[in-house]
Amino acid sequence: MPHRTFMSRLRRKATGYAAKVRRLQRSLRASDAHPDDPWARTHLTPEEARVYTAMDPRDREHACRVTRHLLRDHPQAPPELIASALLHDCGKSLRPYHAWERVLVGLIPNRVARVLPPVGAVGIRAHHPELGARLLAHAGARPRVARLVARHHHPGGDPEAELLHHYDDQE
């Protein structure tokens with residue numbers, strides 16, 4: 001990734017936090033979520049669709065927004081990248097969140113959450129990329145989809161994981 005100036009990093013952080021506040025406002029009640037599940041399933045294998053369907057509707061709605069924004073800017077995105085955008089938060093489905101937990105864990109920066117004990121809602125939040133990748137591998141998802149999900153917070157130089165991280169951070 002090219003060297004970023006202080007102002008560009010600051011703008012990126014401000015945009016990310018604004019998106020986080022919007023996401024928190026939308027995540028208080030599952031009944032307020034309206035994911036486009038039929039559209040999403042057209043981009044998933046049957047095994048991946050089962051994992052997607054098990055996700056909380058708020059996470060599915062977020063995933064659909066991330067994927068649509070990615071496709072708006074990258075209409076020729078590879079199918080595995082599209083599927084990983086729809087499934088990037090599937091690791092969170094391993095433990096249901098109460099509304100207050102969603103707010104709490106949403107306010108804790110990921111780098112802080114990763115040094116806290118890996119228990120409860122904070123533990124799931126901190127480790128959901130790795131947990132999601134394991135869940136997908138166990139379900140029989142495409143290996144590249146599982147790898148992209150695992151790297152969506154720490155892309156490690158993978159250009160597709162960088163894209164997924166960017167669009168997740170913005171939405």
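Please refer to the structure placed before this passage.
The text that follows walks through the structure, step by step, so that each part is easy to find. Note that the coordinates shown come from a computational prediction; the quantities given were computed from them, not determined experimentally. (Residues numbered from 1 in each chain as written. Predicted model: local features only at pLDDT ≥ 70, side-chain atom pairs only at ≥ 80, totals over all residues. Heavy atoms only, no water.)

We now examine the overall build of the protein chain. Counting secondary structure elements, the protein chain contains ten helices and zero strands. Starting at the N terminus and walking to the C terminus, you meet the elements of the protein chain as α-α-α-α-α-α-α-α-α-α. Taken over the C-alpha trace, the protein chain has a radius of gyration of 15 Å; the compact-globule value for 171 residues is 16 Å, and the two agree within 12%. For the C-alpha atoms alone, the extent of the protein chain along its principal axes is close to 45 × 35 × 30 Å. Counting only contacts in the protein chain whose residues sit at least 6 apart along the sequence, the fraction spanning at least 24 positions is 69%. Surface exposure of the protein chain reaches about 9,000 Å², of which carbon and sulfur atoms provide 62%. Within the protein chain, the 19 negative side-chain charges are centred at a point lying 5 Å from the centre of the 28 positive side-chain charges. (Helix = DSSP H or I, 4+ residues; strand = E, 2+ residues; numbered from the N terminus. Rg over C-alpha atoms; globule rule 2.2 N^0.38 Å. Contact = heavy atoms within 4.5 Å. Areas by Shrake-Rupley, 256 points an atom, 1.4 Å probe, with all protein chains shown as cover. Lys, Arg positive; Asp, Glu negative; His and termini not counted. Charge placed at Lys NZ, Arg CZ, Asp CG, Glu CD.)

Let us now look at the side chain of His62. When you line up the elements, His62 lands in helix H4 (residues 57-73). According to the relative accessible area criterion, His62 is buried, its value standing at 3%. Polar side-chain contacts of His62 include one of 3.5 Å to the backbone oxygen of Glu171. (Buried < 20%, exposed > 50% of the residue type's maximum accessible area, 1.4 Å probe, protein only. Polar contact = N/O pair within 3.5 Å; in protein donor to acceptor, adjacent residues only side chain to side chain.)

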